[in-house]
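A closer look at the structure
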Amino acid sequence: MKAPAARWSGGVIALHWLSAAWLALVFALGLAATAADLDATRKFDLYQTHKALGWLTLVLLTARIAARAARAAPPPAPNWSRATRWSSGFVHAALYALLAAIPLIGWLRVSSAIVPIPVSLFGLATIPNIAPVDGGFSELMSIAHEYGAWALAALVTLHVAAALKHQFVDGDAILARMWPRAGGPRP
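Everything in this summary refers to the structure shown in the same document. Quantities reported herein were computed from a predicted structural model and do not represent experimental measurements.

1. Notes on the side chain of Ser111
Relative to the assigned elements, Ser111 resides in helix H3 (residues 82–111). For Ser111, the side chain forms a polar contact with the main-chain oxygen of Trp107, separated by 2.7 Å. In this structure the side chain of Ser111 is engaged in a polar contact, spanning 2.9 Å, whose partner is the backbone nitrogen of Ile130. When residues no more than four places from it in sequence are discounted, the contact partners of Ser111 are Pro116, Asn129, Ile130, Ala131, Pro132 and Val133.

2. A closer look at the packing of H3 against helix H4 (residues 135–168)
Helix-helix packing is described using two parameters, namely the angle between the two axes and the distance between the axes. Between H3 and H4, the shortest axis-to-axis distance is 9 Å and the interhelical angle comes to 150 degrees. On the basis of their axis angle, the class for H3 and H4 is roughly antiparallel. Our pair here, H3 against H4, has a crossing hand that is left-handed. When its residues are assigned to classes, the contact of H3 with H4 shows 17 nonpolar, nine polar and one charged.

3. Notes on the side chain of Lys51
Relative to the elements of secondary structure, Lys51 occurs in helix H2 (residues 40–70). Buried and unpaired, Lys51 has no salt bridge, with Asp45 as the nearest side chain of opposite charge at 11 Å. What Lys51 contacts, discounting residues up to four positions off in sequence, is Val110, Ile117, Pro118 and Val119.

4. Focus on unusual backbone geometry
Although it is not a glycine, Phe122 sits at a positive phi angle of roughly 55 degrees. Along the polypeptide, Phe122 turns up in the loop between strand E1 (119–120) and strand E2 (126–127).

5. Considering the pattern of salt bridges
Opposite charge on two side chains allows them to pair when their charged atoms are near. This model, assessed by the stated rule, comprises one salt bridge. In this structure, the salt-bridge partner of Lys165 is Asp170, at a minimum N-O distance of 2.7 Å.

6. So, H2
The end-to-end C-alpha distance of H2, which contains 31 residues, comes to 45 Å, matching closely the 45 Å that a straight helix rising 1.5 Å per residue would cover. A side-chain oxygen of the first residue of H2 lies 3.1 Å from the backbone nitrogen of Thr41; this N-cap is Asp39.

Cut-off values and rules
Residues numbered from 1 in each chain as written. Predicted model: local features only at pLDDT ≥ 70, side-chain atom pairs only at ≥ 80, totals over all residues. Heavy atoms only, no water. Helix = DSSP H or I, 4+ residues; strand = E, 2+ residues; numbered from the N terminus. Polar contact = N/O pair within 3.5 Å; in protein donor to acceptor, adjacent residues only side chain to side chain. Contact = heavy atoms within 4.5 Å. Axes fitted to C-alpha atoms, helices over the stretch in contact; angles between N-to-C directions. Parallel < 35°, antiparallel > 145°, perpendicular 65-115°, else oblique. Left-handed = near helix turned anticlockwise from the far one by under 90°. Nonpolar A, V, L, I, M, F, W, Y, C, P; charged D, E, K, R; others polar. Buried < 20%, exposed > 50% of the residue type's maximum accessible area, 1.4 Å probe, protein only. Lys, Arg positive; Asp, Glu negative; His and termini not counted. Salt bridge = Lys/Arg side-chain N within 4 Å of Asp/Glu carboxyl O. Expected span 1.5 Å × (residues − 1).

In structure tokens:
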């Protein structure tokens, strides 16, 4: 295995793994809320939690973008081809775009619903609706939100598969760039 590539900053690493766990939870809540065998009260509660966490995804994304902007990215692995660098950049840009679009589309969806229940951040704050009531538009946003979530799941799967391939097949030691580790000097 080759020497590990330069690492991301501790803040970027922490936000990356927090985002991964966060998105898994938001996705799971979305799936659970759409389950047909739930009673109305349980379904409503799951939707409200999904909406709150989905909206907070925008806050988390803003923190990630700020952390990324504060420090230059480590260079790509030295043996990466131009195509590998391009595809890595494309997938990362698409991940960030979907991380922004999906919550915004969800917010538009609930804002324009026939019964537009605003997003409540666990009773601490209420996020105002951003679109007028329009059932047809709301349904369109619902479909876009669902397809966007599945596209994000596919891209995350591709991202994980590529990281594992680079680590274990190519021997790039690429996971060292983003894997959390306790203490010790950073390369």
